[in-house]
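Working through the structure, step by step
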Amino acid sequence: NYEALDKMMETLTLFCDMRSKYQVGEALFQQAIEQLLALNTEAVHTTFTRLQARYVQIWVLTERHPVPNTIRQRLNDCITLAEQRGERETIALCLWLQGKLARIENNLSEAIFVYEKALIYNEQLDNDYYIGRILRGMVYSSFAVNWGRANDLNQRHLNVTRSIGDRSG
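Residues numbered from 1 in each chain as written. Predicted model: local features only at pLDDT ≥ 70, side-chain atom pairs only at ≥ 80, totals over all residues. Heavy atoms only, no water.

Another point: the packing of aromatic side chains. For the structure on display, the rule yields three aromatic pairs. Ring plane angle 85° and centroid distance 5.0 Å describe the contact between Tyr 129 and Tyr 130, whose orientation is recorded as edge-to-face. Relative accessible area serves as the criterion here: at 18%, Tyr 129 is assigned to the buried category. Each ring, one from Phe 143 and one from Trp 147, has its centre 5.0 Å from the other, and the planes form 35°; the classification is tilted. (Phe/Tyr/Trp six-rings, centres within 6.5 Å; stacked < 30°, edge-to-face > 60°. Buried < 20%, exposed > 50% of the residue type's maximum accessible area, 1.4 Å probe, protein only.)

Take a look at the structure:
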């Protein structure tokens, strides 16, 4: 039921993040992916790409080290498929995740570069929640590089999260 999967993905991800239930989310997304793969034809469906992206998101939110190549490969595959299909929301999500991975690995210049691309996509999609998340990542990445810019980004982050009532942001 693709419609049900689509409706639950973001909510489940947010729940797992807010309640630190990452292992639960990771297991549920992996189970859904495996069941779709077992059907052999489902990997081409757009829901499959979004499931993969949400699995990676749950994994990235744990900020574990080191990042395995399988996570990078899943993320790269998601971006490739999303770009081929013109799935702008999935591309935007995956770019944020790429920036977060670069930041986790302390590659701050790359993180800032990718976050800026993600920010453009999310601004075009008018997705304030992820704009806030991206700005937070940009703040963390900018502290070591440019304190003044980090301060400006932090204020913008605060304004965005307040405007949407995101108390966790």
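Anyway, onward from the coordinates.
This part is about the side chain of Arg 133. Assignment of secondary structure puts Arg 133 in helix H7 (residues 128-142). What makes Arg 133 buried here is its relative accessible area of 10%. There is a polar contact of 3.2 Å between the side chain of Arg 133 and the side chain of Asp 17. A polar contact is formed between the side chain of Arg 133 and the side chain of Tyr 129, at a distance of 2.7 Å. In contact with Arg 133, other than residues within four places in its own chain, are Asp 17, Leu 61 and Trp 96. (Helix = DSSP H or I, 4+ residues; strand = E, 2+ residues; numbered from the N terminus. Polar contact = N/O pair within 3.5 Å; in protein donor to acceptor, adjacent residues only side chain to side chain. Contact = heavy atoms within 4.5 Å.)

With that settled, the discussion passes to the environment of Ile 120. On the secondary structure map, Ile 120 appears in helix H6 (residues 108-125). Ile 120 sits 15 residues away from Leu 135 along the chain, and the two C-alpha atoms are 11 Å apart.

Counted according to the given criterion, the structure contains twelve salt bridges. In this structure, Arg 50 engages Glu 87 in a salt bridge whose closest nitrogen and oxygen atoms are separated by 3.8 Å. Linking Arg 50 in helix H3 (residues 46-61) with Glu 87 in the loop between helix H4 (69-85) and helix H5 (88-104), this pair joins segments that are 37 residues apart in sequence. When its relative accessible area of 25% is taken as the criterion, Arg 50 is described as partly exposed. Among the ionic pairs, Arg 103 bridges to Glu 63, the shortest N-O distance being 3.1 Å. With Arg 103 in helix H5 and Glu 63 in the loop between H3 and H4, this pair connects stretches of sequence that are 40 residues apart. Take Arg 103: its relative accessible area is 14%, and that puts it in the buried class. Note on Glu 63: relative accessible area 34%, which makes it partly exposed. (Salt bridge = Lys/Arg side-chain N within 4 Å of Asp/Glu carboxyl O.)

Our focus in this paragraph is the nonpolar core. One finds Leu 51 and Trp 96 to be the most contacted residues of the largest nonpolar core, which totals 47 residues. For this core, the secondary structure elements donating two or more residues are helix H1 (2-18), helix H2 (22-38), H3, H4, H5, H6, H7 and helix H8 (147-163). Those residues within four positions of Trp 96 in sequence are excluded, and the remaining contacts are Gln 57, Leu 61, Tyr 115, Ala 118, Tyr 130, Arg 133 and Ile 134. (Core = buried A, V, L, I, M, F, W, Y, C linked by side-chain atoms within 4.5 Å.)

Looking now at the environment of Arg 162. Relative to the helices and strands, Arg 162 is located in helix H8. The class of Arg 162 is exposed, set by a relative accessible area of 61%. The sequence separation of Arg 162 and Asp 6 amounts to 156 residues, and the corresponding C-alpha distance is 27 Å.

Backbone torsion omega between His 65 and Pro 66 reads -15°, so that peptide bond is classified as cis. By the element assignment, Pro 66 lies in the loop between H3 and H4. Even without being glycine, Ser 20 reaches a positive phi, approximately 55°. Even without being a glycine, Asn 106 presents a positive backbone phi close to 65°. Note on placement: Asn 106 falls in the loop between H5 and H6.

Here we take up the packing of H6 against H7. The geometry of a pair of packed helices is captured by two quantities: the angle between their axes and the separation between those axes. Remark: H6 packs on H7, axes separated minimally by 9 Å, with the N-to-C direction vectors making an angle of 160°. On the basis of their axis angle, the class for H6 and H7 is roughly antiparallel. As for how H6 packs across H7, the hand of that crossing is left-handed. In contact with Leu 108, Ala 111, Ile 112, Tyr 115, Glu 116, Ala 118, Leu 119, Asn 122 and Glu 123 of H6, H7 contributes Tyr 130, Ile 131, Ile 134, Leu 135, Gly 137, Met 138, Ser 141 and Ser 142. (Axes fitted to C-alpha atoms, helices over the stretch in contact; angles between N-to-C directions. Parallel < 35°, antiparallel > 145°, perpendicular 65-115°, else oblique. Left-handed = near helix turned anticlockwise from the far one by under 90°.)

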